[in-house]
Amino acid sequence: MTIEGTIIFISEETVVGQKQLPKVSFVIEEDSDREFKNSLMIDLLGEKTELIKQYKVGDHVKVSLNYRAREYDGRRFNSIGAWKIEGDAGSSNGGDELPF
């Protein structure tokens, strides 16, 4: 699944879990003319935290993501994680790709 929009928040990097994985969350707001726009918080774990480092609040991006529901201790949770982020120029976070 993909979503396009503008980054409106990027969290500080934290460490989570028994494996002490780095985690960064960011919020993307949909591109729309509606008065009340939808937004979505997306998590990056482990080496995927590198994907967001070249972007800043206000950048327009296209995010490829996975979502899943999990159960823990009798409760259910949603998780949304990105595996690719592309900026306006169409180059992904590989770095050295040329647009032609």
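As the structure is a computational prediction, the values presented were derived from the model and not from experiment.

Describe the overall build of the protein, naming the residues involved and giving the relevant values.
When helices and strands are tallied, the protein shows zero helices and six strands. In the protein, the order of α-helices and β-strands from amino to carboxyl end is β-β-β-β-β-β. Counting every position in the protein, which comprises 100 residues, the buried fraction comes to 26%. Summarising the internal contacts of the protein: among those between residues at least 6 apart in sequence, 51% fall at separations of at least 24. Approximately 7400 Å² of the protein is accessible, and the part contributed by carbon and sulfur atoms is 49%.

Pulling in residues and values, what's your account of the pairing of strand β6 (residues 75-87)?
Note that strand β5 (residues 60-72) and β6 share 12 bridges and pair antiparallel. Paired with Y72 across the two strands is R75, which belongs to β6. Counted between consecutive antiparallel strands, the loop separating β5 from β6 contains two residues, among which D73 sits at a positive phi close to 55°.

Before we move on, could you go through the layout of surface pockets and cite the residues and values that matter?
Taken as a whole, the largest pocket holds about 590 Å³ of empty space. Around the largest pocket, the lining comprises 20 residues; the ones closest to its centre are D43, L45, R68, R70 and S79. Listed by contribution, the elements that provide at least two residues to the lining of the largest pocket are β3 (21-30), β4 (39-45), β5 and β6. It is β6 that contributes the most residues to the lining of the largest pocket, seven residues altogether. Taken together, the residues of the lining of the largest pocket break down into nine nonpolar, five polar and six charged.

Could you give me a rundown of the environment of V16, with the residues and numbers involved?
Among the secondary structure elements, V16 is positioned in strand β2 (residues 14-16). Sequence separation of V16 and G46 is 30 residues, and the distance between their C-alpha atoms is 9.6 Å. Leave out the neighbours within four places in its chain, and V16 touches L21, K23 and L45.

Give a description of a nonpolar patch on the surface that names residues and reports values.
Together, V16, L21 and L45 give the surface a local cluster of nonpolar side chains, amounting to about 210 Å² of exposed area. By secondary structure assignment, the location of L21 is in strand β3.

Go over the pattern of salt bridges with me, naming the residues and quoting the values.
Scanning the model with the defined rule gives six salt bridges in all. The closest approach of N and O atoms between K53 and E50, which form a salt bridge, is 3.0 Å. For E71, the salt bridge identified is with R76, shortest N-O distance 3.6 Å. Its relative accessible area of 66% is what places R76 among the exposed residues. When salt bridges with common partners are traced through the structure, they connect E13, E50 and K53 into a single cluster.

What counts, and where the lines are drawn
Residues numbered from 1 in each chain as written. Predicted model: local features only at pLDDT ≥ 70, side-chain atom pairs only at ≥ 80, totals over all residues. Heavy atoms only, no water. Helix = DSSP H or I, 4+ residues; strand = E, 2+ residues; numbered from the N terminus. Buried < 20%, exposed > 50% of the residue type's maximum accessible area, 1.4 Å probe, protein only. Contact = heavy atoms within 4.5 Å. Areas by Shrake-Rupley, 256 points an atom, 1.4 Å probe, with all protein chains shown as cover. Pairing = 2+ DSSP bridges. 1 Å grid on protein atoms, 1.4 Å probe; cavity = no way out; pocket = protein on both sides within 12 Å on 5 of 7 lines; lining within 4 Å. Points joined across faces, edges and corners; volume = space filled by probe spheres on them. Nonpolar A, V, L, I, M, F, W, Y, C, P; charged D, E, K, R; others polar. Patch = residues over 30% accessible without salt bridge, like charges linked within 9 Å, V, L, I, M, F, W, Y side chains within 5 Å. Salt bridge = Lys/Arg side-chain N within 4 Å of Asp/Glu carboxyl O.

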